[in-house]
Amino acid sequence: MEAAQASYPEDQSALEPDTLYVERPVRPVGQALWRGLRGHCPACDKGKIFYRYLKVNDTCPTCGEELFHQRADDAPPYMTIFVVGHIIGAAMLAVEGKWPELPIWIHIAIWPALTIVLSLTILPMMKGALIAYQWALRMHGFDDPMEADKPVAG
Ligand SMILES: [Zn+2]
């Protein structure tokens with residue numbers, strides 16, 4: 001009894017399905033980051049990314065760009081701690097160096113309050129920038145295969 005032999009065509013590319021290459025609009029990363037930092041839609045710069053403090057709109061209220069694909073997760077708090085830590089740390093050292101006789105109660109009054117205010121200010125900026133970055137690089141679901149059919153906004 002002979003084993004059945006599979007036969008393949010010599011040209012393996014004949015097995016590949018036809019691929020449709022669509023030219024998609026460029027998404028400049030720097031422009032998207034600047035828009036995201038200010039909480040603006042990375043696609044149109046007019047709509048808001050957030051409908052509350054850190055709550056992301058499913059779609060841009062102005063242009064309809066889908067924003068629910070974002071996967072910001074823990075990155076915005078991480079980046080916020082990194083930035084705020086360097087600002088507050090440097091400021092504490094500078095103040096201590098400039099006014100070494102400053103009473104400790106002034107340090108206790110200033111630095112925690114400034115840290116909280118700065119963190120709450122920077123956190124949505126970091127989240128907006130990260131979402132815009134993911135959008136610009138077409139990460140996660142931000143790569144829309146039908147995009148070429150849409151009018152370019154902005
Ligand atoms: Zn938009």
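Note that the coordinates shown come from a computational prediction; the quantities given were computed from them, not determined experimentally.

Draft legend 1. Region of interest: the coordination of the zinc ion. Listed as protein donors to the zinc ion are Cys 41 (SG), Cys 44 (SG), Cys 60 (SG) and Cys 63 (SG); their distances from the metal cover 2.2 to 2.3 Å. For the zinc ion, the 4 donor atoms in the first shell make angles of 107 to 113° at the metal, a pattern classed as tetrahedral. Mapped onto the polypeptide sequence, the residues donating to the zinc ion form the spacing pattern C-x2-C-x15-C-x2-C. Assigned by exposure class, Cys 41 and Cys 44 land together as buried.

Draft legend 2. Structural view of the pattern of salt bridges. This structure, assessed with the given rule, holds 3 salt bridges. A salt bridge links Arg 27 to Glu 65; the shortest N-O distance between them is 3.9 Å. Taken together, the positions of Arg 27 in the segment before helix 1 (29-37) and Glu 65 in the loop between helix 1 and helix 2 (75-98) put the pair 38 residues apart, joining distant regions of the chain. Across the pair, exposure class does not vary: Arg 27 and Glu 65 are buried alike. Ionic pairing is found between Asp 45 and Arg 35, a salt bridge with its closest N-O pair at 3.9 Å. Taken together, the residues Asp 45 in the loop between helix 1 and helix 2 and Arg 35 in helix 1 connect sequence positions 10 residues apart.

Draft legend 3. Representation of the packing of helix 1 against helix 3 (residues 104-136) within the structure. Following both chains from N to C, one finds helix 1 and helix 3 inclined at 150°, their axes separated by 7 Å at the closest point. The angle between helix 1 and helix 3 falls in the class roughly antiparallel. Helix 1 and helix 3 meet at a crossing whose hand is right-handed. Contact with helix 1, carried on its side by Val 29, Ala 32, Leu 33, Gly 36 and Leu 37, involves Met 125, Gly 128, Ala 129, Ala 132, Tyr 133, Trp 135 and Ala 136 of helix 3 and no other residues of that element.

What counts, and at which threshold
Residues numbered from 1 in each chain as written. Predicted model: local features only at pLDDT ≥ 70, side-chain atom pairs only at ≥ 80, totals over all residues. Heavy atoms only, no water. Donors = N, O, S within 2.8 Å, 3.2 Å for Na, K, Ca; no water. Tetrahedral: all angles 85-135°; square planar, octahedral: opposite > 155°, others 65-115°. Buried < 20%, exposed > 50% of the residue type's maximum accessible area, 1.4 Å probe, protein only. Salt bridge = Lys/Arg side-chain N within 4 Å of Asp/Glu carboxyl O. Helix = DSSP H or I, 4+ residues; strand = E, 2+ residues; numbered from the N terminus. Axes fitted to C-alpha atoms, helices over the stretch in contact; angles between N-to-C directions. Parallel < 35°, antiparallel > 145°, perpendicular 65-115°, else oblique. Left-handed = near helix turned anticlockwise from the far one by under 90°. Contact = heavy atoms within 4.5 Å.

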